[in-house]
Amino acid sequence: MAKKGKGQQKRRVEFRKNRTQKVRQGDITKRFNRDEFDVDKSVQRERISGKGELTRKRTIVSQEGDDGETGDNLSIHVDKETCLAGRVLRVQGLISEVEAPDKSVYQCATRRLLKTMSTDSRHVVAAGDHVWFRPSGESEGIIESVEPRYGVLSRTSRSRQHIIVANVDQLIIVGSAAEPGLKPNLIDRYLITAEYAGIRPIICINKVDLLDPAELQTIVGVYGSLGYEVHLVSAIEEIGIERLRQALHGKDTVLSGQSGVGKSSLLNAIEPGLNLRVNAVSRENEKGKHTTTTATLIPLATKGHVIDTPGIRQFQLWDIIPEEVAGLFRDIRPFINHCRFPNCTHTHEADCAVKNAVADGILDTRRYESYCQIFAGDSA
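It should be emphasised that the depicted structure is a prediction, and the values quoted were computed from it without experimental measurement.

The rules behind these values
- Residues numbered from 1 in each chain as written.
- Predicted model: local features only at pLDDT ≥ 70, side-chain atom pairs only at ≥ 80, totals over all residues.
- Heavy atoms only, no water.
- Helix = DSSP H or I, 4+ residues; strand = E, 2+ residues; numbered from the N terminus.
- Buried < 20%, exposed > 50% of the residue type's maximum accessible area, 1.4 Å probe, protein only.
- Contact = heavy atoms within 4.5 Å.
- Salt bridge = Lys/Arg side-chain N within 4 Å of Asp/Glu carboxyl O.
- Patch = residues over 30% accessible without salt bridge, like charges linked within 9 Å, V, L, I, M, F, W, Y side chains within 5 Å.
- Areas by Shrake-Rupley, 256 points an atom, 1.4 Å probe, with all protein chains shown as cover.
- Lys, Arg positive; Asp, Glu negative; His and termini not counted.
- Charge placed at Lys NZ, Arg CZ, Asp CG, Glu CD.
- Expected span 1.5 Å × (residues − 1).
- Arc of directions from axis to C-beta.
- Phe/Tyr/Trp six-rings, centres within 6.5 Å; stacked < 30°, edge-to-face > 60°.
- Pairing = 2+ DSSP bridges.

Trainee: Mind laying out the overall build of the protein, listing which residues take part and the relevant values?
Mentor: A count of helices and strands for the protein gives ten helices and 15 strands. Expressed as a percentage of its 380 residues, the buried residues of the protein come to 46%. The contacts in the protein between residues at least 6 apart in sequence include a share of 67% that link residues at least 24 apart.

Trainee: I'd love a proper account of unusual backbone geometry, names of residues and values included.
Mentor: Each neighbour pair has its own omega, and for Glu179 with Pro180 the value is 0°, a cis peptide bond. Residue position: Pro180 is located in the loop between β10 (170–176) and α4 (184–197). Here Glu179 shows up in the loop between β10 and α4. Relative accessible area serves as the criterion here: at 44%, Glu179 is assigned to the partly exposed category. Positive phi, close to 55°, is recorded for Glu238, a residue that is not glycine. Mapped onto the elements, Glu238 comes out in the loop between β12 (229–232) and α6 (241–248). For Glu238, a relative accessible area of 57% corresponds to the exposed category.

Trainee: Outline the pattern of salt bridges, listing residues and values.
Mentor: A full pass over the atoms with the stated rule returns twelve salt bridges. A salt bridge links Arg149 to Asp129; its shortest N-O distance comes to 2.7 Å. Here the residue Arg149 occupies a position in the loop between β7 (140–146) and β8 (153–157), and Asp129 occupies one in the loop between α3 (112–116) and β6 (130–135), the gap between them amounting to 20 residues. When sorted by exposure, Arg149 lands in the same class as Asp129, which is buried. When the shortest N-O distance is used, the salt bridge between Arg330 and Glu195 registers 3.4 Å. Of this pair, Arg330 sits in the loop between α8 (322–328) and α9 (353–359) while Glu195 sits in helix α4; the two residues are 135 residues apart in sequence, bridging distant segments of the chain. The structure contains a network of salt bridges with shared partners spanning Asp188, Asp331, Arg366 and Arg367.

Trainee: Could you give me a rundown of a negative patch on the surface, with the residues and numbers involved?
Mentor: A surface patch of negative charge is lined by Asp120, Asp319, Glu323 and Glu324. Structurally, the position occupied by Glu324 is in helix α8. Taking the relative accessible area as the measure of exposure, Glu324 reaches 32% and is therefore partly exposed.

Trainee: Explain the environment of Ala235 residue by residue, including any values.
Mentor: Structurally, Ala235 is set in the loop between β12 and α6. Separated by 28 residues in sequence, Ala235 and Lys263 have C-alpha atoms that sit 9.0 Å apart. Those residues in contact with Ala235 that lie beyond four places of it in its chain are Asn206, Ile241, Ser265, Leu266 and Ala269.

Trainee: Provide a residue-level description of α4, including the pertinent values.
Mentor: Taking 1.5 Å of rise per residue, the 14 residues of α4 would be expected to cover 20 Å, and the 20 Å separating its terminal C-alpha atoms lies within 8% of that figure. Within α4, eleven of the 14 residues are buried, which leaves the element mostly enclosed by the surrounding structure. By the burial criterion, the buried members of α4 are Asn185, Leu186, Ile187, Asp188, Arg189, Tyr190, Leu191, Ile192, Thr193, Ala194 and Ala197. Gly198 occupies a position one or two residues after α4 and carries a positive phi of about 75°.

Trainee: Please set out the environment of Gly137 residue by residue, giving values where relevant.
Mentor: Tracing the backbone through its elements, the reader meets Gly137 in the loop between β6 and β7. Since its relative accessible area comes to 38%, Gly137 is described here as partly exposed. Note: C-alpha distance between Gly137 and Tyr106 (31 residues apart in sequence) is 8.9 Å.

Trainee: Can you tell me about α6, naming the residues and giving the values?
Mentor: Of the residues making up α6, those classed as buried are Ile241, Leu244, Ala247 and Leu248. Taken around the axis of α6, the buried residues stretch over an arc of 115°, which confines them to a single face. Close packing links the buried residues of α6 with β10, β11 (200–206), β12, β13 (252–256) and α7 (263–270). Just downstream of α6, Gly250 is the residue with a positive phi angle, here 70°.

Trainee: Which residues make up the packing of aromatic side chains, and what values do they have?
Mentor: Applying the stated criterion across every chain yields a total of six aromatic pairs. Considering the side-chain rings of Phe329 and Tyr371, the 5.9 Å spacing of their centres and the 90° angle between planes classify their relative orientation as edge-to-face. Here Phe329, found in the loop between α8 and α9, pairs with Tyr371, found in helix α10 (residues 365–375); they are 42 residues apart in sequence, far enough to count as distant. Aromatic ring contacts, followed pair by pair, group Phe329, Tyr368, Tyr371 and Phe375 into a single cluster.

Trainee: How would you summarise the pairing of β6 if you had to cite specific residues and measurements?
Mentor: Pairing between strand β3 (residues 84–92) and β6: four bridges, direction antiparallel. Each residue of the ladder has a partner; that of Arg87, found in β6, is His130. Alignment of β6 against β7, held across five bridges, turns out to be antiparallel. Bridge pairing links Arg134 to Ile142 in β7.

Have a look at this one:
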């Protein structure tokens, strides 16, 4: 390993089980019975120091102070004279599209060291990541290191963290007034995730041309009273598009929501010339057809970036325990410390300030029911 220099630090990192070849051979018993197995030799191969074939930990050199906010430190020291800084535009299979400082785009693979480090994430690299990559041709390269992340939008998928996008300033939660219908509980899950990740949330209800906007005033009023910015828009009729465009100016923004709500149509209306592929909602079940298949970082003419993401049908919270949920609801948070019991779950206990606020009409009943559903771990 290269000598550690200024601004670098050594740290022990755990790797996945498939980092090295399987130590124990499948035919070990047969070999022992045939007197072909040298016990003394097999014992000597593994050093007592714990640095032999059986350990999954290695020492690597990283930049000093690179801890990251996601708990997975993928920042490894690189030679910045031979590498370029870039940002991941999209990840398609094993290849990531990375934009270099001169705006050229490289098709990059990920170095094996990063892929075999043991992390909670399903994927090592995500759209929006700031990376260091080593060019290996005119338009190809190898991602050597991933900078610490902030503003991470993620969910739980197969008991692991699915990072939808990283390094964003704000999240536009896109729902639709109809076709498909609005899912307030899904909006609440996004709001909790944004609150937890330190991302500014904006609620955007599309397709308002399909019904009387007065039907949305109750739910808009609830979110508006909590300080959330709410936009009622129509991508087809271009209602509210200019106000939404101003909200994107100079920011890195991710659009997310269930499939079929019109995220790509909104981006086509906001940024003419994008020509993102769109599709109609299924008439049979009013569900989207997943026209967008991967998160994509798109530069905006008005500065900043916008990230179009695939539609989702379930949004299970990541790294948020049930006891933290109430504190992430803006309207429930003020009542938590007034409950009789310090470990009150606000679901069945006596003298619960949250339940009393619901009964008195101070807290919105639907929001409280949404809290109970999320606290119980039910899917959206």
